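# An overview of the molecular structure
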Amino acid sequence: MAAAVLCQSLFMPVAAMADDDPLPPAPTISPRASAAAAAMREARERRLRDEQRAVEGRIQTLDRKLDLKDIERSQAPRIQPNGVPEPLQDPVADRLRQERRGLLDRDRLLEQRLRNEQFDRERVQRMRAW
């Protein structure tokens, strides 16, 4: 009998607390806040796309310069006025190739960030529709 009273007194507050406290209401998102967040996402995506276009333009410019260097290289070896042939290595072309590799890496990074932004936007839309 004492054990029953003890068990009842221990579990009574837990049961009473469960009935007294309702779940807190779900947070509401104001239309202004969601519109501002959408505008920020669009601005971020637009900036990434603009940056990606600039990088692609620079890559194309480097490709044209490197093509000209390759054409010059494929022609007969050039001889300087003092009779010494020009070196086989071209430091300018090497620098341009290195810059191009860096820009290609940057372009891939921007593409990944754009895909992530788009995925996040679609995920949020799916969550709201659910």
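Owing to the predicted nature of the structure, the values given are computational and were not obtained by experimental measurement.

### Brief notes about helix H3 (residues 91-129)
Structurally, the α-helix is built with 3.6 residues per turn, so residues lying three or four positions apart point the same way. Over its 39 residues, H3 extends 57 Å from the first C-alpha to the last, a length consistent with the 57 Å expected when each residue adds 1.5 Å. Taken residue by residue, H3 has Ala93, Leu96, Leu103, Asp107, Leu110, Leu114 and Glu117 as its buried positions.

### Brief notes about the pattern of salt bridges
With the rule as written, the count across this model stands at 12 salt bridges. A salt bridge links Glu117 to Arg44, with the shortest nitrogen-to-oxygen separation between them at 3.0 Å. Taken together, the residues Glu117 in helix H3 and Arg44 in helix H2 (residues 31-74) connect sequence positions 73 residues apart. Owing to a relative accessible area of 14%, Glu117 belongs among the buried residues under this scheme. In this structure, Asp63 engages Arg100 in a salt bridge whose closest nitrogen and oxygen atoms are separated by 2.3 Å. You can see Asp63 sitting in helix H2 and its partner Arg100 sitting in helix H3, a full 37 residues away along the chain.

Conventions adopted
- Residues numbered from 1 in each chain as written.
- Predicted model: local features only at pLDDT ≥ 70, side-chain atom pairs only at ≥ 80, totals over all residues.
- Heavy atoms only, no water.
- Helix = DSSP H or I, 4+ residues; strand = E, 2+ residues; numbered from the N terminus.
- Expected span 1.5 Å × (residues − 1).
- Buried < 20%, exposed > 50% of the residue type's maximum accessible area, 1.4 Å probe, protein only.
- Salt bridge = Lys/Arg side-chain N within 4 Å of Asp/Glu carboxyl O.

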